[in-house]
Amino acid sequence: MNEAITYLKVPMELEDDRNVCLGPDGSVAHVTRTLNMVEGRWKLPILFRLFERASMRTSQLLRDIPGVSQKMLTQHLRELEDDGLVRRHDYEEQPPHVEYELAASGRDLMPVLTAMRDFSRRHPKG
């Protein structure tokens, strides 16, 4: 009877090298943190729209992202801002004028996201 291997064998010369991959500051922890930053139904559409345009108002994002509610857009924008991916600029005017743009870390993330898109195109579900 064949046994299923339920773990990935990673070649390592020293036992301490395991921390490079699996430790609290290892590769897995960093990739997981990054994935958590973009987790959520509307975060990727927001990021790609802000990548396409230098800055956008909330009303523009609502028009450009079909199906998103004001509440969810605001929630996801706040989370992206808390994670340092999006910058909010309040012009302190009446009526309120607020614009959003990608922060430097959000711009740094875009090549990773486009690489993931390209990977998906090269490896279609099948």
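See the structure shown above.
Model, not experiment: these values are computed from the prediction.

Colleague: Outline the packing of helix α3 (residues 43-52) against helix α5 (residues 70-82), listing residues and values.
Modeller: Each pair of packed helices gets described by two things: the angle between the helix axes and the distance between those axes. Contact geometry for α3 and α5: axes closest at 10 Å, N-to-C directions at 70 degrees. Taken together, α3 and α5 sit at an angle that is classed as roughly perpendicular. Residues K43, I46 and L47 of α3 lie in contact with α5, whose contacting residues are L73, H76, L77, E79 and L80.

Colleague: Describe the pattern of salt bridges, listing the residues and the values that go with them.
Modeller: Under the defined criterion, the tally for this structure stands at 6 salt bridges. As a salt-bridge pair, R87 and E101 come within 2.7 Å of each other at their nearest N and O atoms. Of this pair, R87 sits in strand β2 (residues 86-90) while E101 sits in strand β3 (residues 98-102); the two residues are 14 residues apart in sequence, bridging distant segments of the chain. One continuous salt-bridge network, built from bridges that share partners, spans R49, E52 and D64.

Colleague: Account for unusual backbone geometry, naming residues and giving values.
Modeller: Residue P95 is reached from Q94 by a cis peptide bond, and omega for that bond is -5 degrees. Note that P95 resides in the loop between β2 and β3. Positive phi, normally seen in glycine, also occurs at E92, with a value near 50 degrees. Looking at where E92 falls in the secondary structure, it is placed in the loop between β2 and β3. You can call E92 exposed: its relative accessible area is 71%.

Thresholds applied
- Residue numbers restart at each chain and count upward from 1, following the sequence in its written direction.
- Local features in this predicted model are restricted to residues of pLDDT 70 or higher, and side-chain atom pairs are both shown and tallied only at a pLDDT of 80 or more, whereas totals for entire chains, interfaces and linings draw on every residue.
- Hydrogens and waters are ignored; side-chain quantities use all the structure's heavy atoms.
- Orientation is described by axes fitted as lines to C-alpha atoms, over the contacting stretch for helices, and by angles from 0 to 180 degrees between their N-to-C directions.
- The helix count covers DSSP runs of H or I at least four residues long, the strand count covers runs of E at least two residues long, and both are numbered beginning at the N terminus.
- Comment on the angle field: the value is read as roughly parallel under 35 degrees, roughly antiparallel over 145, roughly perpendicular from 65 to 115, and oblique elsewhere.
- Here a residue-residue contact requires only that any non-hydrogen atoms of the pair lie within 4.5 Å.
- A pairing counts as a salt bridge when a side-chain nitrogen of Lys or Arg comes within 4 Å of a carboxyl oxygen of Asp or Glu.
- Relative accessible area decides the class of each residue, using a 1.4 Å probe on protein chains only: under 20% of the type maximum gives buried, over 50% gives exposed, and in between gives partly exposed.

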